[in-house]
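# A look at the structure
Each chain is listed here by its residues.
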Amino acid sequence: MGAQTEVKPIKIKDIVKGATPIVCLTAYTAPMAKLLDPYVDILLVGDSLGMVVYGFESTRHVTLDMMIAHGAAVVRASSHALVVVDMPFGSYEVSNEQALLNAARIMKETGCAAVKFEGGSVMASTVKYLAQHQIPVMGHIGLMPQSVKTSKGYKIQGRDDLQAQQVMADAKAIAEAGAFALVIEGTIEPVARAITSSITIPTIGIGASPACDGQVLVIDDVLGIFTEFTPRFIKRYAELAPIIQEAVQNYAADVRARRFPGPEHCFGTK
Ligand code: KIV
């Protein structure tokens, strides 16, 4: 699964526990999805786009329309990876019927393969209801960003026994309800390891150790498209921020010095 040359579209049935970890990255736009698609198993249109793309303080400001617009763009630009779209805060918690209506709208209007939403045991009946209506669901437990008002409230989960038991119970409930995969975010290694070995669906970790069956990161973090502090669980594979800044400085200097556009960029010149 996930070889660079493979063009076969990945299906839900391919997302299973295996010897090779599952590779997932977020994507929010068509050009980025096109670049990432051949190399990953899952493209997640995460509601992290609220902070990464729109500059909000938290993911709570993200709307269903935003997720649908970005989800459709990512689906249009991908042919290999499984595309999963996040359900935003307020679009699934009221009732199972609300969740089904909005999940169906996301799937119909984007063409994505599955939806993801946050929540442990309390959301298990919703996962089950959607699965019974042929909506594949990826769960999301541990640190759940929609439950904290700003990124400053993010806390690693599972540090005390009570919390560890709660995260374990959440994982079990979501897996038994019929989710096809489970994101574990910001959770200590022993808990992530215990969950991964005790449930049959694959776990995909972010800040949850290599014990998970796969890994996910936010693409802007991987590429270093920002200048702020990098949390410990992120590995930057590129430093694009200074490259972008230098390119823009050069462009601005060329325009101001009338070096751009040159004759080669103009029409109707000899
Ligand atoms: O919104 C998101 O990008 C996510 C991942 C970080 C798992 O939920």
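Residues numbered from 1 in each chain as written. Predicted model: local features only at pLDDT ≥ 70, side-chain atom pairs only at ≥ 80, totals over all residues. Heavy atoms only, no water.

### Re the overall build of the protein
Helix and strand content of the protein: nine helices and eight strands. For the protein, whose C-alpha radius of gyration is 20 Å, the value lies close to the compact-globule estimate of 18 Å for 270 residues. Structurally, the protein occupies a C-alpha span of about 70 × 40 × 35 Å along its principal axes. Among the 270 residues that make up the protein, the fraction classed as buried is 50%. Partitioning the intrachain contacts of the protein with sequence separation of at least 6 by distance along the chain shows that 58% fall at a separation of at least 24. A total accessible area of about 13900 Å² is found for the protein, and carbon and sulfur atoms account for 59% of it. (Helix = DSSP H or I, 4+ residues; strand = E, 2+ residues; numbered from the N terminus. Rg over C-alpha atoms; globule rule 2.2 N^0.38 Å. Buried < 20%, exposed > 50% of the residue type's maximum accessible area, 1.4 Å probe, protein only. Contact = heavy atoms within 4.5 Å. Areas by Shrake-Rupley, 256 points an atom, 1.4 Å probe, with all protein chains shown as cover.)

### Some details on the domain arrangement of the protein
If you check the domain split of the protein, you get domain 1 (12-238) and domain 2 (240-270). The straight-line distance from the C-alpha centre of domain 1 to that of domain 2 is 40 Å. Contacts between domain 1 and domain 2 engage six residues on the former and four residues on the latter. Approximately 340 Å² of surface area, both sides summed, lies buried where domain 1 meets domain 2, with 72% of it carried by carbon and sulfur atoms. Counting across the interface, domain 1 meets domain 2 through three residue pairs in polar contact (both at pLDDT 80 or more). For the side of domain 1 that touches domain 2, the residue count by class is four nonpolar, two polar and no charged. (Domains from an automatic or database assignment. Buried area = accessible area lost by both parts, 1.4 Å probe. Polar contact = N/O pair within 3.5 Å; in protein donor to acceptor, adjacent residues only side chain to side chain. Nonpolar A, V, L, I, M, F, W, Y, C, P; charged D, E, K, R; others polar.)

### Points about the nonpolar core
Core analysis: the largest hydrophobic core is formed by 77 residues, its most contacted members being Ile 42, Leu 43, Val 115, Leu 130, Ile 195 and Ile 204. Setting aside chain neighbours within four positions, we find Val 115 in contact with Val 84, Val 85, Met 87, Ala 103, Ile 106, Met 107, Leu 130, Ile 135, Pro 136, Val 137 and Met 138. (Core = buried A, V, L, I, M, F, W, Y, C linked by side-chain atoms within 4.5 Å.)

### Concerning the pairing of strand β8 (residues 214-217)
As paired elements, strand β1 (residues 22-26) and β8 share four bridges and run parallel to each other. Bridge pairing in β8 places Ile 22 opposite Gly 214. Bridge count for strand β7 (residues 203-206) against β8 is two bridges, and the pairing is parallel. Looking at the pairing, Gly 205 lines up with Gln 215 of β8. (Pairing = 2+ DSSP bridges.)

### A short note on the site of the ligand
Close contacts around the ligand come from Thr 26, Leu 44, Gly 46, Asp 47, Ser 48, Asp 86, Lys 116, His 140, Val 183 and Ile 206, and that covers them all. Here Asp 47 contributes a side-chain N or O atom positioned 3.0 Å from an oxygen atom of the ligand. At 2.8 Å, a side-chain N or O of Lys 116 approaches an oxygen atom of the ligand. Against a free-state accessible area of 260 Å², the protein chains account for coverage of 95% of the ligand. The site holding the ligand turns out to be the largest pocket. Looking at the shell around the ligand, its residues break down into three nonpolar, four polar and three charged. (Near = heavy atom within 4 Å. 1 Å grid on protein atoms, 1.4 Å probe; cavity = no way out; pocket = protein on both sides within 12 Å on 5 of 7 lines; lining within 4 Å. Sits in = over half its atoms within 2 Å of the grid points.)

### Here we look at a nonpolar patch on the surface
A contiguous nonpolar surface patch, about 220 Å² in accessible area, is contributed by Val 52, Val 53 and Tyr 54. Position of Val 52 among the secondary structure elements: in helix α2 (residues 49-52). (Patch = residues over 30% accessible without salt bridge, like charges linked within 9 Å, V, L, I, M, F, W, Y side chains within 5 Å. Salt bridge = Lys/Arg side-chain N within 4 Å of Asp/Glu carboxyl O.)

### Side note on unusual backbone geometry
The phi torsion of most residues other than glycine is negative, and most of the peptide bonds are trans. The step from Phe 260 to Pro 261 runs through a cis peptide bond, and the omega angle for that step is -5°. Checked against the element boundaries, Pro 261 lands in the segment after α9 (240-256). Despite not being glycine, Gln 134 has its phi angle at roughly 60°, a positive value. Considering the arrangement of structural elements, one finds Gln 134 in the loop between α5 (124-132) and β5 (137-142). Positive phi, normally seen in glycine, also occurs at Arg 258, with a value near 60°. With respect to the element layout, Arg 258 can be found in the segment after α9.

### Remarks on helix α6 (residues 161-177)
Under the 1.5 Å per step criterion, the end-to-end length of α6 is 24 Å for 17 residues, consistent within 8% with the ideal 24 Å. The set of residues buried in α6 consists of Ala 164, Val 167, Asp 170, Ala 171, Ala 173, Ile 174, Ala 175 and Ala 177. Where α6 is buried, its residues touch α5, β5, β6 (181-185) and α7 (189-198). (Expected span 1.5 Å × (residues − 1).)

### Considerations on the packing of helix α3 (residues 64-76) against helix α4 (residues 96-110)
At a closest axis distance of 8 Å, the pairing of α3 and α4 adopts a crossing angle of 35°. With respect to the hand of their crossing, α3 and α4 are arranged in right-handed fashion. Facing α3, whose interface residues are Leu 64, Asp 65, Met 67, Ile 68, Gly 71, Ala 72 and Val 75, α4 presents Asn 102, Arg 105, Ile 106, Glu 109 and Thr 110. Tallied by class, residues from the contact of α3 with α4 come to six nonpolar, three polar and three charged. (Axes fitted to C-alpha atoms, helices over the stretch in contact; angles between N-to-C directions. Left-handed = near helix turned anticlockwise from the far one by under 90°.)

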